[in-house]
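# Summary of the model geometry
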Amino acid sequence: MAILRIRQFGDPALRARANEVDRVTEVHQTLVTDMFETMRDAPGVGLAGNQVGVLERLFVWQVEEEHGVVINPVISKRSRKTEEEEEGCLSLPGIAYPVERAVKVRVEGTGLDGEALRIDAEGLQARVFQHEIDHLDGVLFFDRLPEDLKREALRTLRDQALGIVAPPPVPPEEVL
Ligand code: ZN
């Protein structure tokens, strides 16, 4: 087991589209074990391949007592109803904003055993799934903000990169 390095804003892996996994192998077993360890150490409630520099379509998640991994995840259904909740991201420390997401999603994909799986998620779990699948498409949560907030988020990230001390953000309850 190993704690992997979580890629931070500016790393090109965060802006790339991850590739489909053709076949689940032993390498994936090791990778997923390490991703769980890395997510729990952070701590976070979700972690996508891109965030550890692996451009393969898979993510791990942990919401309360439940956890899992989805390989080649696809949102096959989403509720029309949306809600806004604050999100943070392990790859974007220091910023947190309310993001509008579908309240419910159905995610289909493959498990670590290579078998098809389907999860009907709502609330935080649905939010985590949408956030992680965005990562696999190279999308970051601030991309989904209104233009003024997106600019503010980018300024904060720039100031942090320059070592200009930004006002301490209110840490989000959950980071993904
Ligand atoms: Zn994230």
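Described in the following lines is the structure provided in the data block. (Residues numbered from 1 in each chain as written. Predicted model: local features only at pLDDT ≥ 70, side-chain atom pairs only at ≥ 80, totals over all residues. Heavy atoms only, no water.)

On to the coordination of the zinc ion. Taken together, C89 (SG), H131 (NE2), H135 (NE2) and L176 (O) make up the full set of protein donors to the zinc ion, lying 2.0 to 2.3 Å away. Between the four donor atoms coordinating the zinc ion, the angles at the centre fall across 90 to 142 degrees, so the site counts as irregular. In primary sequence terms, the donor set of the zinc ion follows C-x41-H-x3-H-x40-L. Of the two residues, C89 is situated in the loop between β4 (82-87) and β5 (97-102) and L176 in the segment after α3 (147-161); the sequence distance between them amounts to 87 residues. In terms of burial, C89 and L176 fall into one category: buried. (Donors = N, O, S within 2.8 Å, 3.2 Å for Na, K, Ca; no water. Tetrahedral: all angles 85-135°; square planar, octahedral: opposite > 155°, others 65-115°. Helix = DSSP H or I, 4+ residues; strand = E, 2+ residues; numbered from the N terminus. Buried < 20%, exposed > 50% of the residue type's maximum accessible area, 1.4 Å probe, protein only.)

Our next topic: the nonpolar core. Counting 18 residues, the largest nonpolar core has F59, W61, V70, V105, V107, V128 and F129 as its most contacted members. If you list the elements that add at least two residues to this core, you get β2 (58-63), β6 (104-110), β7 (116-122) and α2 (124-136). Considering each element in turn, this core owes the most residues, five residues, to α2. Dropping the residues within four chain positions of it, V105 is found in contact with I75, K77, R78, I119, D120, A121, A126, F129 and Q130. F36, V52, V69 and V175 belong to the second-largest nonpolar core, a separate cluster that totals 15 residues. (Core = buried A, V, L, I, M, F, W, Y, C linked by side-chain atoms within 4.5 Å. Contact = heavy atoms within 4.5 Å.)

It is worth spelling out the sheet that holds β7 at this point. Pairing within the open sheet is antiparallel, and its five strands lie in the order β1-β2-β3-β6-β7. Strands at the two margins of the open sheet, each flanked by one partner only, are β1 (46-48) and β7. In this sheet, adjacent strand axes meet at a mean angle of 40 degrees when their direction is disregarded. The sheet contact formed by β2 and strand β3 (residues 66-78) spans six bridges and is antiparallel. Bridge pairing in β3 places V60 opposite V69. Against the sheet, helix α1 (residues 26-41) touches β1, β2 and β3, its axis set at about 40 degrees to β2. Sheet strands touched by α2: β1, β2, β3, β6 and β7. Its angle to β2, the strand with the most contacts, is close to 160 degrees. (Pairing = 2+ DSSP bridges. Axes fitted to C-alpha atoms, helices over the stretch in contact; angles between N-to-C directions.)

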